[in-house]
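# Structural characterization, general
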Amino acid sequence: NNRIREKTRRSKIETAFFDRLVAAFPEVEMLPNDKTMLDGYEVDVAIPALKTAIEWNGIVHFKPIYGNEKLQTIQSRDSQKLKIAQRQDINLVVISDLDSKPSTLNRAFKDVCSIIRDVLDATN
């Protein structure tokens, strides 16, 4: 059954962020937890038409919450994603979230909305 069940590791703040983006840009296709944009590596939000991917990096990307080995694995994967994005000319937006506070969500939402508007303006 574990192979069939889809497990999500999305935090509440990441889900709220995605929902706000979708509401703000209903005309733009956004895909949560996409594994196609970066050669099988998952991105939290993919916006294929804009060649933009968004990663919401919580505390586990910066501190050894689950041990040093796990932290090194996570940081190595983050580095690989960045290299692939650069190679494929994909704008990878990384949000660093060390506290998961509403102010972090609001700041990230405002910043990403600005980026999306800039990319939309450049493509029109």
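This is a predicted model, so every value here is computed, not measured.

## Structural notes on the packing of helix H1 (residues 12-24) against helix H3 (residues 102-123)
The axes of two packed helices give the description: the angle between them and the distance between them. At a closest axis distance of 10 Å, the pairing of H1 and H3 adopts a crossing angle of 35°. The way H1 lies across H3 gives a crossing that is right-handed. Two secondary-structure elements touch here, H1 through Ile-13, Ala-16, Phe-17, Arg-20, Leu-21 and Ala-24 and H3 through Leu-105, Asn-106, Ala-108, Phe-109, Val-112, Cys-113 and Ile-116. Taken together, the residues that form the contact of H1 with H3 break down as 11 nonpolar, one polar and one charged.

## Focus on unusual backbone geometry
Its identity is not glycine, yet Asp-89 carries a phi of approximately 55°, on the positive side. Within the secondary structure, Asp-89 sits in the loop between helix H2 (68-87) and strand E4 (91-96). Look at Ser-100: it is not a glycine, yet its phi comes out positive at around 50°. Tracing the backbone through its elements, the reader meets Ser-100 in the loop between E4 and H3.

## Observations regarding the pairing of strand E2 (residues 41-47)
Most of E2 sits out of view: five of its seven residues are buried. Where strand E1 (residues 31-38) lies against E2, four bridges are found, and the strand directions are antiparallel. Note that in E2 the partner of Asp-34 across the bridge is Val-43. Between E1 and the antiparallel strand that follows it, E2, lie two residues; Asp-39 among them carries a positive phi value of about 55°. Of the strand pairs in this sheet, E2 and strand E3 (residues 52-57) are connected by three bridges, and their pairing is antiparallel. Along E3, the bridge assignment pairs Val-45 with Ile-54.

## Considering the packing of aromatic side chains
With the rule as written, the count across this model stands at one aromatic pair. Between Phe-17 and Trp-56 the ring centres are 5.0 Å apart and the planes differ by 50°, which places this aromatic pair in the tilted class. Placement of the pair is Phe-17 in helix H1 and Trp-56 in strand E3, with a sequence separation of 39 residues. Both residues of the pair, Phe-17 and Trp-56, belong to the buried class. Sitting over the ring of Phe-109, Arg-20 keeps its end group 4.3 Å from the ring centre.

## Notes on the sheet that holds E4
In space, the four strands of this open sheet follow the order E1-E2-E3-E4, with mixed pairing throughout. Both edges of this open sheet fall to E1 and E4, since each of them pairs with a single strand only. Each strand axis lies, on average, 50° off the axis of its neighbour in the sheet, ignoring direction. In this sheet, E4 lies alongside E3 in parallel orientation, the contact comprising six bridges. Along E4, the bridge assignment pairs Glu-55 with Val-94. Strands in contact with H1 are E1, E2, E3 and E4; relative to E3, the strand with the most contacts, it is inclined by about 150°.

Rules behind the numbers
- Residues numbered from 1 in each chain as written.
- Predicted model: local features only at pLDDT ≥ 70, side-chain atom pairs only at ≥ 80, totals over all residues.
- Heavy atoms only, no water.
- Axes fitted to C-alpha atoms, helices over the stretch in contact; angles between N-to-C directions.
- Helix = DSSP H or I, 4+ residues; strand = E, 2+ residues; numbered from the N terminus.
- Left-handed = near helix turned anticlockwise from the far one by under 90°.
- Contact = heavy atoms within 4.5 Å.
- Nonpolar A, V, L, I, M, F, W, Y, C, P; charged D, E, K, R; others polar.
- Buried < 20%, exposed > 50% of the residue type's maximum accessible area, 1.4 Å probe, protein only.
- Pairing = 2+ DSSP bridges.
- Phe/Tyr/Trp six-rings, centres within 6.5 Å; stacked < 30°, edge-to-face > 60°.
- Lys NZ or Arg CZ within 6 Å of the ring centre and 35° of its normal.

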